[in-house]
Amino acid sequence: MEDKWKHQATYGTEIHNVLQKFFSYSKDGKNMWGDLLTGPQASMHLAKFEEGLRKDPNSGITDDTSHERVLEIIDYGKKLIESLEKKFIDRKTHPEGKLRFFPEYTLSAKLNKEYEERTDLNIAGRVDLIVLDPTGVPHIIDYKTSPKPYDEYSGAKKLGFTY
C-alpha cells in the first residue's frame, strides 16, 4: 500500500510540474502551444520541452522518468486545452476566441466577514491554473490525480472537478 501511495505522489508531482511548465509556455498568458504542437516542427518543440524538463531539478522529471511518461503528460495537457476550449469558448459568438493561461497563480484577499471578532483576516492560496476565456471571465482549474477512474469517484469528489 505504501508503494502505491508513493507512486501516486510521484505521479501527481510529475503531472503538476510538467503542466505548470506546459502552461507557462506562453506569452502574457496567451497559449503558444497551438501552432507548436500541430505545426511542421512540433516534434522538435516537444523534444526541446522535454530536454528542458530533464535539466530542471524542480520539474519532477528524473532520469527514471521514461520518454513515454513525459509524452503521456504532455498529451494530457493537449487534451486539457481541447477540453477547456470546448467548455469555455462559444464558437458562435467568438469564432476566433483564445484562452489565456496563468499556471500556479497565487491569490490573496482580505476577508469581508468578521470571524471570531476579528476583521483583519486575509486568505492566500495557489491555484493550479487560471484560465481566462475570450470574454475575460476567469475559471479556476485544480488538477486532480488518482489511480481511480473518474466514474468511480463519489459525488462530492466529482463536484470538486466541476467547480
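Being a predicted model, the structure only gives us computed values, none of them experimental.

Novice: Help me understand the confidence of the model for the chain, please; the structure alone is not making it clear to me.
Specialist: Caution applies to low-pLDDT regions: their predicted coordinates should not be interpreted in detail. Here the chain shows a mean pLDDT of 76. Residues at 70 or above account for 73%. When mean pLDDT is taken per element in the chain, strand S5 (residues 138–141) scores highest with 91 and helix H5 (residues 155–162) scores lowest with 52.

Novice: Before we go on, may I ask you to explain helix H4 (residues 67–88) in this structure?
Specialist: Each full turn of the α-helix corresponds to 3.6 residues, which orients residues three or four apart in the same direction. Helix length check: H4, at 22 residues, gives a terminal C-alpha distance of 31 Å against a target of 32 Å (1.5 Å per residue), a fit within 8%. Taken together, the buried positions of H4 are occupied by Arg 69, Val 70, Ile 73, Ile 74, Gly 77, Leu 80, Ile 81, Leu 84 and Phe 88. The arc that holds every buried residue of H4, seen down its axis, measures 140°, which confines them to one face. Facing away from the buried side of H4 by more than 90 degrees, the exposed set consists of Glu 68, Lys 79 and Lys 86.

Novice: How should I be thinking about the nonpolar core in this particular structure?
Specialist: The nonpolar side chains of soluble globular proteins are, as a tendency, buried together. By size, the foremost hydrophobic cluster in this structure holds 23 residues, and its most contacted members are Phe 23, Leu 84, Phe 101, Leu 129 and Val 131. For this core, the elements supplying multiple residues, two or more each, are helix H1 (2–24), helix H3 (42–55), H4 and strand S4 (122–132). Top contributing element to this core by residue count: H4, with seven residues. Dropping the residues within four chain positions of it, Leu 84 is found in contact with Ile 89, Leu 99, Phe 101, Leu 129, Val 131 and Ile 141.

Novice: How do you make sense of the pattern of salt bridges when you look at a structure like this?
Specialist: Evaluated as defined, the whole model comprises four salt bridges. For Glu 51, the salt bridge is made with Lys 55, and the minimal N-O distance between the two is 3.0 Å. Remark: Lys 55 and Glu 51 occur in helix H3; sequence separation between them is four residues, near one turn of the helix. For Lys 55, a relative accessible area of 63% puts it in the exposed group. Lys 79 serves as the salt-bridge partner of Asp 75, at 3.2 Å between the closest nitrogen and oxygen. Of the two residues, Asp 75 and Lys 79 are both situated in helix H4; the distance of four residues between them amounts to about one turn of the helix.

Novice: So what exactly am I meant to see when it comes to the side chain of Glu 104 here?
Specialist: Note on placement: Glu 104 falls in strand S3 (residues 100–110). No salt bridge is formed by the buried Glu 104, whose closest oppositely charged neighbour, Arg 126, lies at an N-O distance of 4.2 Å. Contact partners of Glu 104, with chain neighbours within four places excluded, come to His 16, Gln 20, Arg 126, Val 127, Asp 128 and Leu 129.

Novice: Sorry, what's going on with a nonpolar patch on the surface here?
Specialist: A cluster of nonpolar side chains, contributed by Tyr 105, Leu 107 and Ile 140, occupies part of the molecular surface with about 240 Å² of accessible area. Its location among the elements puts Tyr 105 in strand S3. You can call Tyr 105 partly exposed: its relative accessible area is 37%.

Novice: Quick question: what am I supposed to make of the packing of aromatic side chains here?
Specialist: Aromatic ring pairs are described here by two measures, namely the spacing of the ring centres and the angle between the planes. For the structure on display, the rule yields two aromatic pairs. Ring geometry for Phe 102 versus Tyr 105: centroids 6.2 Å apart, planes at 75°, classification edge-to-face. The class of Phe 102 is partly exposed, set by a relative accessible area of 22%.

Novice: Is there a simple way to explain the pairing of S5 in this structure?
Specialist: Side-chain direction in a regular strand flips from residue to residue, so the side chains alternate between the two faces of the sheet. Only one face of S5 is buried: it carries His 139 and Ile 141, and the other face, with Pro 138 and Ile 140, is open. Where S4 meets S5, four bridges bridge the pair, whose relative direction is antiparallel. Residue pairing for S5: Leu 132 is matched across the bridge by Pro 138. Where S4 hands over to S5, the hairpin turn is made up of five residues, of which Gly 136 adopts a positive phi near 90°.

Novice: Where do I start with the packing of H3 against H4 in this structure?
Specialist: The axes of two packed helices give the description: the angle between them and the distance between them. Contact pair H3 / H4: the axes reach a minimum separation of 11 Å and the direction vectors enclose 110°. Comparing their axes, H4 and H3 come out roughly perpendicular. Pair H3 / H4 crosses with right-handed handedness. On the side of H3, the interface is formed by Leu 46, Phe 49, Glu 50, Leu 53 and Arg 54, while H4 contributes His 67, Val 70 and Ile 74.

Conventions adopted
- Residues numbered from 1 in each chain as written.
- Predicted model: local features only at pLDDT ≥ 70, side-chain atom pairs only at ≥ 80, totals over all residues.
- Heavy atoms only, no water.
- pLDDT = per-residue confidence, 0-100.
- Helix = DSSP H or I, 4+ residues; strand = E, 2+ residues; numbered from the N terminus.
- Expected span 1.5 Å × (residues − 1).
- Buried < 20%, exposed > 50% of the residue type's maximum accessible area, 1.4 Å probe, protein only.
- Arc of directions from axis to C-beta.
- Core = buried A, V, L, I, M, F, W, Y, C linked by side-chain atoms within 4.5 Å.
- Contact = heavy atoms within 4.5 Å.
- Salt bridge = Lys/Arg side-chain N within 4 Å of Asp/Glu carboxyl O.
- Lys, Arg positive; Asp, Glu negative; His and termini not counted.
- Patch = residues over 30% accessible without salt bridge, like charges linked within 9 Å, V, L, I, M, F, W, Y side chains within 5 Å.
- Areas by Shrake-Rupley, 256 points an atom, 1.4 Å probe, with all protein chains shown as cover.
- Phe/Tyr/Trp six-rings, centres within 6.5 Å; stacked < 30°, edge-to-face > 60°.
- Pairing = 2+ DSSP bridges.
- Axes fitted to C-alpha atoms, helices over the stretch in contact; angles between N-to-C directions.
- Parallel < 35°, antiparallel > 145°, perpendicular 65-115°, else oblique.
- Left-handed = near helix turned anticlockwise from the far one by under 90°.

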